[in-house]
Amino acid sequence: MVELTSPRKIYPLPSRLWQGKVKLKRLRAESIPPPQQLRNNPVLPCGQSLKSLHKRKRTSAMQLELNDLRKTYLLPAPLLHRRGQGKPKTKQALAGVSLTLGPGLYGLLGPNGAGKSTLIGIITGGLAADSGEVLWCGHHAHGIAFRRVLGYMPQQQGLYVSYTGRCFLAYMAALKEIPRKAVAAEVDRVAAAVNLTVELDKRLSAYSGGMKQRVVIAMALCCEPELLIADEPTTALDVTIQAQVLAMIAELRSRLGTSMLMITHDLGIVARTCDDVCVMYAGKIVEAGTVEDIFLAPSHHPYTEGLFGSIPNLTTKARRLKPILGLMPDPTNLPKGCEFAPRCEKCMEICRTEKPKICGEGSHKLYCHLFDPDRQKTGVGGNTNG
């Protein structure tokens, strides 16, 4: 059993931690095995043993489906609206996002404000979508059943720095409804997986940035999840620690057969680690495909081309990098046509008036009028302009 105590008496009482806040399900007396058997092979509330849960097989049927997710935020009402005048403003965060994530590592790219964190919040259950659905293996993803197969590495670590690493991981394991008698073994297992056993009894305030990131990874690995979601796992880490964290994630993913969705701004990390990639802009997916499609295909969405143009190239000489001019559109007042039209160097008249369709063949999909086969046949759209 993990002792959640401290000289300063700052930790919550075990009774409140396990019974009040966590609300663990009580096992019936007749279902509890003998102490020796429980110690060797603890039983989970779902009826599976911890060992059998760790040995479960990953199959190709394991996939996460996002179907037409939409999310709009209602901004605080201005003074005129409070007096009965004017209209409240809304901010569109997601506008019909659809994705299918199978086994492998899926990279999610996009600028700040594109809707990536909102999408992750809906998947993890922290936010409710206005419309659309999230399916895991063909079933609606919600509740403790989905929480057991989900591992989340948040962008903001949010660690309780007064806790020790062992106490914090025990608390996270309890949130997944692991019985108290099985928590100690689970904490030792995930700590060993991220090479954190020696420092496990130190306070989190004494941890370095890399060690705190290891705690976040260990937190996500409780119950050996089938789906890992990482929100910029290498942010604010130096290059050496970044390489160690990425190598650790890759090794754990290959050993456990875990599917993974990773948000990042680093194209180098995407090229090195991801199997599939999608690019978001203003709440929509503007390009998606395999990593080969995104980096090697001859045609790309203008925003993706802008991302590549802003990266230094060692094979060519240039005085300055070529940034994407302008800013993202105001989410409270989006353009009538394509959201990228005000910044696009290949913008046509049709781009300003009509929303593009999803185009492309095979695994490579693009959300752009330039690749619309109907427009190419009829010649609709006019000349490009700056």
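You'll find the structure just up there.
In this text the structure is predicted, and so the values were computed from the model without any measurement.

A. Spatial organisation of the overall build of the protein chain. Secondary structure assignment for the protein chain yields 15 helices and 12 strands. Here the protein chain holds 386 residues, and the buried ones make up 46% of them. Pairs at least 24 apart in sequence give 69% of the contacts found in the protein chain among residues at least 6 apart. Carbon together with sulfur atoms contributes 53% to the accessible area of the protein chain, which is approximately 20,400 Å² in total.

B. Representation of the packing of aromatic side chains. Tallied over the entire structure, the rule returns 4 aromatic pairs. Measuring from centroid to centroid gives 5.2 Å for Y281 and F340, while their planes differ by 90°, and the two rings are edge-to-face. Remark: F340 occurs in the loop between α13 (302-309) and α14 (349-353) and Y281 occurs in strand β9 (residues 276-281); sequence separation between them is 59 residues. For Y281, a relative accessible area of 1% puts it in the buried group. Residue F340 is classed as buried on the basis of its relative accessible area, which comes to 4%. A ring pair is formed by F295 and F308, whose centres lie 5.4 Å apart and whose planes are at 55°; its orientation type is tilted.

C. Up close: the nonpolar core. Counting 68 residues, the largest nonpolar core has M153, F168, L169, V194, V215, I217 and L221 as the members making the most contacts within it. Once you skip the residues sitting within four places of it in the chain, I217 turns out to touch M153, V194, V245, M248, I249 and L252. One finds L66, A114, V149 and I229 within the second-largest nonpolar core, a separate group that totals 28 residues.

D. Expanded view of the sheet that holds strand β1 (residues 64-74). Spatial ordering of the open sheet is given by β2-β1-β4-β5, a layout of 4 strands whose pairing is antiparallel. Whereas interior strands pair on both sides, the edge strands pair on one side only; in this sheet they are β2 (90-101) and β5 (139-140). With 2 bridges joining them, strand β4 (residues 131-136) and β5 adopt antiparallel strand pairing. For L135, the partnering residue across the bridge sits in β5 and is H140.

E. Structural context of the layout of surface pockets. Taken as a whole, the largest pocket spans an internal volume of roughly 590 Å³. Counting only elements with at least two residues in the lining of the largest pocket, the list comes to α5 (116-124), β4, α6 (143-149), β6 (150-153), α7 (165-175) and α9 (209-220). Its residues assigned to classes, the lining of the largest pocket comprises 16 nonpolar, 8 polar and 3 charged.

F. Layout of the packing of α9 against helix α10 (residues 239-256). Relative to each other, α9 and α10 sit at 20°, their axes nearing to 10 Å. As judged from the angle between their axes, α9 and α10 are roughly parallel. As for the relative orientation of α9 and α10, their crossing is right-handed in sense. Each of G210, Q213, R214 and I217 in α9 lies in contact with α10, whose residues at this interface are I241, Q244, V245, M248, I249 and L252. Counted by class, the contact of α9 with α10 contains 6 nonpolar, 3 polar and 1 charged residues.

G. Fine view of the sheet that holds strand β3 (residues 105-109). Pairing in this open sheet of 8 strands is mixed, and the strands run β6-β7-β8-β3-β9-β10-β12-β11 from one edge to the other. Two strands close off the open sheet at either side, each with one partner strand: β6 and β11 (358-359). Summarising the sheet, strand β7 (residues 227-231) and strand β8 (residues 259-263) pair through 5 bridges and their orientation is parallel. Its bridge partner being in β8, I229 is matched across the sheet by L261. Taken strand by strand, α9 contacts β6 and β7, and its axis lies near 165° from that of β6. Sitting on the sheet, α13 is in contact with β9 and β10 (284-290), with an inclination near 105° to β9.

H. Quick peek at the environment of A230. Turning to its location among the elements, A230 is positioned in strand β7. Separated by 13 residues in the primary sequence, A230 and I217 place their C-alpha atoms 8.9 Å from one another. Not counting chain neighbours up to four residues away, the residues in contact with A230 comprise M153, M260, L261, M262 and I263.

I. The side chain of H300, seen in detail. Its location among the elements puts H300 in the loop between α12 (291-296) and α13. Here the side chain of H300 touches E287 through a polar contact of 3.0 Å, side chain to side chain. Discounting residues that sit within four places of it in the chain, H300 has contacts with E287, D293, I294, F295, E305, F308, H364, L366 and F371.

J. Structural context of the environment of L108. Following the sequence through the fold, L108 ends up in strand β3. By relative accessible area, which is 0% here, L108 ends up buried. In sequence terms L108 and I285 are 177 residues apart; their C-alpha atoms lie 9.5 Å from each other. Those residues in contact with L108, other than ones at most four positions away along the chain, are K116, L119, L261, M262, I263, T264, C278 and M280.

What counts and what doesn't
- Along each chain, the written sequence defines residue order, and numbers are assigned to residues from 1.
- A pLDDT threshold of at least 70 governs which residues receive local features in this predicted model, and a stricter bar of 80 or more applies before side-chain atom pairs are shown or counted, although totals over entire chains, interfaces and linings include all residues.
- Hydrogens and water molecules were not included; the side-chain quantities draw on all heavy atoms of the structure.
- A run of H or I in DSSP counts as a helix once it spans at least four residues, and a run of E counts as a strand once it spans at least two, with each numbered from the N terminus.
- When a residue's accessible area, from a 1.4 Å probe over protein chains only, is under 20% of the maximum for its type it is buried; when over 50% it is exposed; and in between it is partly exposed.
- Residue contacts are defined here by distance: any two heavy atoms, one from each residue, within 4.5 Å place the two residues in contact.
- All accessibility values rest on the Shrake-Rupley procedure with a 1.4 Å probe; residue burial counts only the protein chains present in the view.
- In this analysis, rings of Phe, Tyr and Trp, with Trp reduced to its six-membered ring, are considered paired at centre separations within 6.5 Å, and the interplanar angle assigns stacked below 30 degrees, edge-to-face beyond 60, and tilted for intermediate values.
- Here, the term nonpolar core denotes a set of buried Ala, Val, Leu, Ile, Met, Phe, Trp, Tyr and Cys residues that are joined through side-chain atoms within 4.5 Å.
- When DSSP finds two or more bridges between two strands, those strands count as paired.
- Grid points spaced at 1 Å and placed over the protein atoms alone form the basis of the search, with a cavity being a set where a 1.4 Å probe fits but cannot get out and a pocket an open set showing protein on both sides within 12 Å along at least five of seven lines. Lining residues have an atom within 4 Å of a point.
- Grid points are joined across faces, edges and corners, and a volume is the space filled by probe spheres set on the points.
- Classes in brief: Ala, Val, Leu, Ile, Met, Phe, Trp, Tyr, Cys and Pro nonpolar; Asp, Glu, Lys and Arg charged; the others, Gly included, polar.
- Throughout, an axis means a line fitted to C-alpha atoms (over the contacting stretch in the case of helices), and angles, computed between N-to-C directions, take values from 0 to 180 degrees.
- Any angle from 65 to 115 degrees is called roughly perpendicular, while one under 35 is roughly parallel, one over 145 is roughly antiparallel, and all others are oblique.
- The hand of a helix crossing depends on one turn: near helix anticlockwise from the far one by less than a right angle means left-handed, and clockwise means right-handed.
- N or O atoms closer than or at 3.5 Å make up a polar contact, with two conditions inside protein: a donor-capable atom paired with an acceptor-capable one, and, for residues adjacent in sequence, both atoms drawn from side chains.

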